[in-house]
Amino acid sequence: MRPVADVVPQRLRIERGLNMQVSVETTEGLERKLTIAIPGDRVDTAVNARLQEAAQTIRLNGFRQGKVPLKVVKNKFGKGVRQEVVGELMNQTYFEAIAQESLKPAGQPQIEPTSIDEGKDVEFVAVFEVYPEIELPDFAAIKAERLVAEVSDNDIDEMIETLRKQRQTWMPVARAAADGDMVNIDYVGKKEGEEFQGGKAAGQNLVLGSERMIPGFENGVIGKAAGDEFTLQLKFPDEYHGEELAGAAVEFELKLNTVSEQSLPQVNEDFFKSFGVEEGGMEAFRKEISNNMQREMKSASRNKLKTTLTDALISGMEVAIPVALMSNEIYQLKHQTVQQMGGGQGFDPQNMPDDLFKEQAKRRVTLGLILGEVISQQSIQADAGKVRAAVEEIAATYESPEEVVKWYYSNEEQLKGIESSVIEDKVFDFIIEQAEVSDKEVSYQDVIKPESQGSDADESA
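Residues numbered from 1 in each chain as written. Predicted model: local features only at pLDDT ≥ 70, side-chain atom pairs only at ≥ 80, totals over all residues. Heavy atoms only, no water.

Take the overall build of the protein chain next. Looking only at helices and strands, the protein chain features 13 helices and 11 strands. Relative to a compact globule of 461 residues, whose C-alpha radius of gyration would be 23 Å, the protein chain shows 33 Å and is clearly more extended. Expressed as a percentage of its 461 residues, the buried residues of the protein chain come to 35%. Taking contacts inside the protein chain between residues at least 6 apart in sequence as the whole, the part at least 24 apart equals 71%. Surface accessibility of the protein chain: about 27500 Å² in total, with carbon and sulfur atoms responsible for 45%. Counting 51 positive and 81 negative side-chain charges, the protein chain places the averaged centre of each group 9 Å from the other. (Helix = DSSP H or I, 4+ residues; strand = E, 2+ residues; numbered from the N terminus. Rg over C-alpha atoms; globule rule 2.2 N^0.38 Å. Buried < 20%, exposed > 50% of the residue type's maximum accessible area, 1.4 Å probe, protein only. Contact = heavy atoms within 4.5 Å. Areas by Shrake-Rupley, 256 points an atom, 1.4 Å probe, with all protein chains shown as cover. Lys, Arg positive; Asp, Glu negative; His and termini not counted. Charge placed at Lys NZ, Arg CZ, Asp CG, Glu CD.)

So, about the confidence of the model for the protein chain. Mean pLDDT over the protein chain: 87, with 90% of residues reaching 70 or higher. The model gives residues 453–461 a pLDDT under 50, and that stretch makes 26 contacts with residues more than four places away or in other chains. (pLDDT = per-residue confidence, 0-100.)

So, about the environment of Glu 211. Relative to the helices and strands, Glu 211 resides in the loop between strand S8 (194–207) and helix H5 (217–221). A relative accessible area of 71% places Glu 211 in the exposed class.

With that settled, the discussion passes to the pattern of salt bridges. A complete count under the given rule lists 23 salt bridges for this structure. Here Asp 355 makes a salt bridge to Lys 358, at a shortest N to O gap of 3.3 Å. Using a relative accessible area of 60% as the deciding quantity, one classes Asp 355 as exposed. By relative accessible area, which is 39% here, Lys 358 ends up partly exposed. Among the ionic pairs, Lys 449 bridges to Asp 446, the shortest N-O distance being 3.8 Å. Because the salt bridges share partners, they merge into one network encompassing Arg 302, Lys 306, Glu 424, Asp 425 and Asp 429. (Salt bridge = Lys/Arg side-chain N within 4 Å of Asp/Glu carboxyl O.)

What follows covers the layout of surface pockets. Estimates place the volume of the second largest pocket at around 360 Å³. Looking at the second largest pocket, it is lined by 16 residues, and the ones nearest its centre are Phe 275, Val 277, Glu 288, Asn 292 and Thr 397. Among the elements of the structure, helix H4 (153–166) and helix H7 (281–315) are those that each provide at least two residues to the lining of the second largest pocket. With 6 residues, the top contributor of residues to the lining of the second largest pocket is H7. Grouping the constituent residues of the lining of the second largest pocket by class yields 9 nonpolar, 4 polar and 3 charged. (1 Å grid on protein atoms, 1.4 Å probe; cavity = no way out; pocket = protein on both sides within 12 Å on 5 of 7 lines; lining within 4 Å. Points joined across faces, edges and corners; volume = space filled by probe spheres on them. Nonpolar A, V, L, I, M, F, W, Y, C, P; charged D, E, K, R; others polar.)

Further remarks concern helix H9 (residues 358–378). Spanning 21 residues, H9 covers 30 Å between terminal C-alpha atoms, matching the ideal 30 Å at 1.5 Å per step. Among all positions in H9, only Ala 361, Arg 363, Arg 364, Val 365, Thr 366, Leu 367, Leu 369, Ile 370, Leu 371, Glu 373 and Val 374 are buried. Contact partners of the buried residues in H9: H7, helix H8 (323–340) and helix H12 (412–434). Taken from the residues just after H9, Ser 379 is the one with a positive phi, measuring 50 degrees. (Expected span 1.5 Å × (residues − 1).)

Structural data, given as structure tokens:
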């Protein structure tokens, strides 16, 4: 005999628009309790339609296919069919009810049947949260500064030096190590004569002056030559993240394997070509750098303005936040944190405490709700022209812009990300037009300097 799932079609064949009784109760805050009663005849009609359809395809011993009496089908499969139909009807009528009552659920409902006996009306309760009503502030009352700057020749010179350092190589030298050199070392760290966890390495490269190690370690290597073996008496900082080592006196036994000095590439035609500038020499190279710096500065200035506006919006509003949205945002932040830390193979992000992410999650959800209300009220959409312009602006920073544009338009998920960004930009354009925004002239470095707090605006629309 074939299982019920195989003999009974999964598509629910019922008439839509039949009567149902719906009541809505506000239990607490944003939580709503929806009580729905589905008339018994609606359930019976759906069950009978499903059984009749099954009777046309079912195979039972003693009967030809399509000739099994409905009574036999009902006796064998009626209970299972009824459970399936009731489940589908509860799901269907839930969506009918929230549409009828103009409710906007935030998250999945908790559905609990209260009466599913045969011959009676089916009743169930759905408990869920709704999105809060957002009363937008007076954007004209918001004051903000927009940072503006010019890219000077000195800024371009500094960028060229930065690019040279990105292409640097290291050449072994037969001299004592100096600040800025890269050394290759073996070391063993000990506390009270015992090795401590994480304090041992072999063949590790270290740039002196990078401050990767605890205070005194890198200075202790300066002046030593390849082949030297020595011991450093040091102390871990009192605020060190590992409690067992915080403020502890330790010693490191080191062996210096090699010393290498930095070798920067010459600023010549080969250097220009390595950055995609095939013709025009130094003039074309500096122009390309200037264009890229202008784009970076424009983006940084706008992001800082968006952060300022975000702070003003959030500080000036009290928004009731659905628990479901907070939980989902915390979940996302945990996973993002683990990815930023290198993937955390074998580590479950959910083991991290929720409290670490509550403030950031609250900020991002609040901003998302505010921007969402602006989008709704202003009917903001991403038009194709702006999406194309955004893709082309990103592509312009690559050596083969045409290939980048093709890649975006062949990748639906990435293109949706651009569309969301365009919508967000239009939202902030609207807010900026309404707000009192003044320009403040600063240096290029001041504009691109990272903010102490990351912008949530880029991730909330």
